[in-house]
Amino acid sequence: MLTAGSRPFSRSPIFWLAMLAGPGVCALLFTLLMAAPVRFEVDVAQWRLWLWLVVIYPVVEEYLFRGRLQTWLMDTAWGQKAVAGLSLANVVTSLLFSGLHFFSHPPLWALMVLFPSLLFGWFRDRHQSVRPAFVLHAWYNFVYFSIFGLPVSQ
């Protein structure tokens, strides 16, 4: 299994490329799917919702999925096997993570959650820590909800 050794994730050029990729992919998707210019809005009046979506959900989800489930699966021989540079533990965790998003997202969006999930899991494996996944997930949620807007309650 590829590891980054003792080098902190914050000093990894790959981590910073992943940080840049989130806004780029969101902006591209918005432009392609919504056929409108990208807008960056953060309504501070809805700070509680922002706190949940950008901090609490990512921390809880990463703790449960990458910190607990993926770590547990990595303790198995088959979970350590890799396919295309991704551990099977990461693939299984990401499939479950994406699958659970079908309950709260339209099918295409839920399916697209698979790709950042695989990236979060890859960083978890590479750095033997969930911290890079926490940071990426929070950042991606911030960018996503800034571009696409906050969920509207029915």
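Residues numbered from 1 in each chain as written. Predicted model: local features only at pLDDT ≥ 70, side-chain atom pairs only at ≥ 80, totals over all residues. Heavy atoms only, no water.

### Here we look at the overall build of the protein
At step 1: Looking only at helices and strands, one finds seven helices and two strands in the protein.
At step 2: Residue burial in the protein is summarised as follows: out of 154 residues, 40% are buried.
At step 3: Long-range contacts, defined here as pairs at least 24 residues apart, represent 70% of the contacts in the protein between residues at least 6 apart.
At step 4: Accessible surface computed for the protein: about 9200 Å², of which carbon and sulfur atoms make up 70%. (Helix = DSSP H or I, 4+ residues; strand = E, 2+ residues; numbered from the N terminus. Buried < 20%, exposed > 50% of the residue type's maximum accessible area, 1.4 Å probe, protein only. Contact = heavy atoms within 4.5 Å. Areas by Shrake-Rupley, 256 points an atom, 1.4 Å probe, with all protein chains shown as cover.)

### What about the packing of aromatic side chains?
At step 1: Under the defined criterion, the tally for this structure stands at eleven aromatic pairs.
At step 2: Ring geometry for Phe-120 and Tyr-140: centres 5.6 Å apart, planes at 50°, overall tilted. Of the two residues, Phe-120 is situated in helix 6 (residues 114–127) and Tyr-140 in helix 7 (residues 131–148); the sequence distance between them amounts to 20 residues. Each member of the pair, Phe-120 as well as Tyr-140, carries the same accessibility label: buried.
At step 3: Arranged with centres 5.0 Å apart and planes meeting at 85°, the rings of Trp-122 and Phe-123 form a pair that is edge-to-face. Comparing Trp-122 with Phe-123, the two get one shared label, buried.
At step 4: Through a chain of ring-to-ring contacts, the aromatic side chains of Phe-9, Phe-15, Trp-16, Trp-122 and Phe-123 assemble into a single cluster.
At step 5: Sitting over the face of the ring of Phe-97, Arg-66 holds its NZ or CZ atom 4.8 Å from the ring centroid. (Phe/Tyr/Trp six-rings, centres within 6.5 Å; stacked < 30°, edge-to-face > 60°. Lys NZ or Arg CZ within 6 Å of the ring centre and 35° of its normal.)

### Overview of the nonpolar core
At step 1: Ranked by size, the top nonpolar core spans 13 residues in total, and within it Phe-15, Ala-18, Phe-120, Phe-123, Leu-136 and Tyr-140 carry the most contacts.
At step 2: Counting residues per element, the ones that place at least two in this core are helix 1 (13–34), helix 6 and helix 7.
At step 3: In terms of residues, this core owes the most to one element, helix 6, which gives five residues.
At step 4: If sequence neighbours within four positions are ignored, Phe-123 has contacts with Ile-14, Phe-15, Ala-18, Gln-128, Ser-129, Pro-132 and Leu-136.
At step 5: Counting residues in each nonpolar core, the second largest holds eleven residues, with Val-54, Trp-109, Ile-147 and Phe-148 among its members. (Core = buried A, V, L, I, M, F, W, Y, C linked by side-chain atoms within 4.5 Å.)

### Topic: the layout of surface pockets
At step 1: When its volume is computed, the largest pocket comes out at roughly 1000 Å³.
At step 2: If you go around the largest pocket, you meet 32 residues; those closest to its centre are His-105, Val-113, Asn-141, Tyr-144 and Phe-145.
At step 3: Counting only elements with at least two residues in the lining of the largest pocket, the list comes to helix 1, helix 2 (47–74), helix 5 (107–112), helix 6 and helix 7.
At step 4: Of the residues forming the lining of the largest pocket, the biggest block, seven residues, is contributed by helix 1. (1 Å grid on protein atoms, 1.4 Å probe; cavity = no way out; pocket = protein on both sides within 12 Å on 5 of 7 lines; lining within 4 Å. Points joined across faces, edges and corners; volume = space filled by probe spheres on them.)

### Section: a nonpolar patch on the surface
At step 1: Taken together, the side chains of Trp-47, Leu-51, Val-55 and Val-59 present a nonpolar region at the surface, about 350 Å² in accessible area.
At step 2: Note that Trp-47 resides in helix 2. (Patch = residues over 30% accessible without salt bridge, like charges linked within 9 Å, V, L, I, M, F, W, Y side chains within 5 Å. Salt bridge = Lys/Arg side-chain N within 4 Å of Asp/Glu carboxyl O.)

### Focus on helix 4 (residues 88–100)
At step 1: In a regular helix each residue adds 1.5 Å, so 13 residues correspond to 18 Å; helix 4 covers 18 Å between its end C-alpha atoms and thus fits that length.
At step 2: Those residues of helix 4 that fall on the buried side of the exposure criterion are Ala-89, Asn-90, Thr-93, Ser-94, Phe-97 and Ser-98. Down the axis of helix 4, the buried set is contained in an arc of 150°. They therefore lie on one face.
At step 3: Here the buried face of helix 4 lies against helix 2, helix 3 (77–80), strand 2 (86–87), helix 5, helix 6 and helix 7. (Expected span 1.5 Å × (residues − 1). Arc of directions from axis to C-beta.)

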